Amino acid sequence: MGEIKPLQTLAVDIGGSGIKVMVLDEQGNPLSERDRRETPQPATPDAMITTIVELAQDKVFDRVSVGYPGVVRLGITETAANVSPEWIGFDLGSTLTQYLGKPVRIINDADMQGLGAIAGQGVELVITLGTGFGSALFVNAKLLPNLELGHHPFRKGETYEQQLGKAALDAVGKKRWNQRLSQAIANLSHLFNYDKLYIGGGNTKKVEQELPANVIVVPNVTGLLGGIKLWQD
Ligand code: BGC
């Protein structure tokens with residue numbers, strides 16, 4: 001009898017500022033360091049796929065999980081708020097499969113982060129604070145895909161992303177950004193009545209406030225760790 005070799009998954013987190021990768025074992029534990037490159041500008045499919053292929057070069061893997069910062073349906077990227085508009089309607093699934101020679105599954109980046117963060121019980125909401133504002137909603141571990149809270153009105157005629165994305169943080173500073181965040185958490189709590197709210201993304205390091213007991217900040221690597229869940233159906 002031949003030995004069954006455990007499958008290794010390359011998790012890829014495509015962000016507006018950085019592209020991150022890590023190899024995971026079948027349980028979702030890291031088998032490599034987290035490797036990161038700056039997102040090329042302009043952030044076109046061509047340039048970003050080249051970066052992903054370069055990051056993958058020295059890694060051993062059998063399949064690929066990708067988190068993309070926009071709406072994703074059946075491997076096609078449908079929106080592109082913080083990357084080049086060339087991504088709208090792009091067949092990322094087929095293209096990456098061709099370049100990497102391995103099966104590829106793709107979901108929204110906040111959805112992937114959420115899969116790595118949740119406990120799997122009750123209503124769990126995830127928001128991510130990075131270049132953009134990501135969101136994901138789960139009921140008993142079941143994902144409602146492509147929730148786009150970031151582009152919904154929040155306050156002063158602006159969306160959550162306009163008020164809490166990276167550009168806003170840079171413009172108004174940590175103090176006012178934290179005040180906005182605390183108002184956003186109150187709004188979302190009243191809207192979703194979640195059991196748990198998870199906050200992820202690179203700008204969680206700027207969170208300076210006491211959070212309600214059911215709000216949990218998750219480490220950045222969660223965005224990659226969630227990649228294993230795309231293959232556990
Ligand atoms: C996109 C979301 C994404 C978020 C974080 C938003 O601009 O619309 O799909 O999850 O940024 O990257």
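Now for a description of the structure that goes with this document. Predicted model only: the values in this text are computed from it and were never measured.

Let's shift gears to the layout of surface pockets. The volume enclosed by the largest pocket comes to roughly 630 Å³. Lining the largest pocket are 41 residues; nearest its centre among them are D109, L129, G130, T131 and G132. Residue assignment for the lining of the largest pocket shows that the elements contributing at least two residues are β1 (9-14), β2 (18-24), α3 (109-117), β9 (123-129), β10 (133-139) and α5 (166-192). Residues that form the lining of the largest pocket fall into these classes: 9 nonpolar, 21 polar and 11 charged. Residue-level mapping places the lining of the largest pocket at the junction of two domains, with at least three residues from each of domain 1 (9-111 + 225-231) and domain 2 (119-218). Here the second largest pocket defines a volume of roughly 380 Å³. Lining the second largest pocket are 18 residues; nearest its centre among them are I106, I107, L115, L143 and P145. Within the residue set of the lining of the second largest pocket, elements represented by two or more residues are β5 (72-73), β8 (104-108), α3 and β11 (142-144). Ranked by the residues each element gives to the lining of the second largest pocket, the list is headed by β8, at 5 residues.

If you walk across this open sheet you meet the 5 strands as β11-β10-β9-β14-β15, and the pairing is mixed. Two strands lie at the open edges of the sheet, namely β11 and β15 (215-217), each paired on one side alone. Direction aside, the axes of adjacent strands within the sheet are offset by 25° on average. Relative to strand β14 (residues 196-200), β9 runs parallel, the two being bridged by 5 bridges. By the bridge assignment for β14, V126 is matched with Y198.

What follows deals with the nonpolar core. Residues V12 and V66 are the most contacted members of the largest nonpolar core, which totals 26 residues. Of all the elements in the fold, those that place two or more residues in this core are β1, β2, α1 (45-56), β4 (63-68), α2 (92-100) and β8. With 6 residues, the top contributor of residues to this core is α1. L129, F133, L137 and L169 belong to the second-largest nonpolar core, a separate cluster that totals 21 residues.

Next up on the list: the environment of I107. Of note, I107 is situated in strand β8. Measuring from C-alpha to C-alpha, the distance between I107 and G70 comes to 8.7 Å, with 37 residues separating the pair along the chain. Sequence-distant contacts of I107, defined by excluding residues within four places in its chain, comprise V66, G67, Y68, V72, M112, L115 and L230.

Rules of the game
Residues numbered from 1 in each chain as written. Predicted model: local features only at pLDDT ≥ 70, side-chain atom pairs only at ≥ 80, totals over all residues. Heavy atoms only, no water. 1 Å grid on protein atoms, 1.4 Å probe; cavity = no way out; pocket = protein on both sides within 12 Å on 5 of 7 lines; lining within 4 Å. Points joined across faces, edges and corners; volume = space filled by probe spheres on them. Helix = DSSP H or I, 4+ residues; strand = E, 2+ residues; numbered from the N terminus. Nonpolar A, V, L, I, M, F, W, Y, C, P; charged D, E, K, R; others polar. Domains from an automatic or database assignment. Pairing = 2+ DSSP bridges. Axes fitted to C-alpha atoms, helices over the stretch in contact; angles between N-to-C directions. Core = buried A, V, L, I, M, F, W, Y, C linked by side-chain atoms within 4.5 Å. Buried < 20%, exposed > 50% of the residue type's maximum accessible area, 1.4 Å probe, protein only. Contact = heavy atoms within 4.5 Å.

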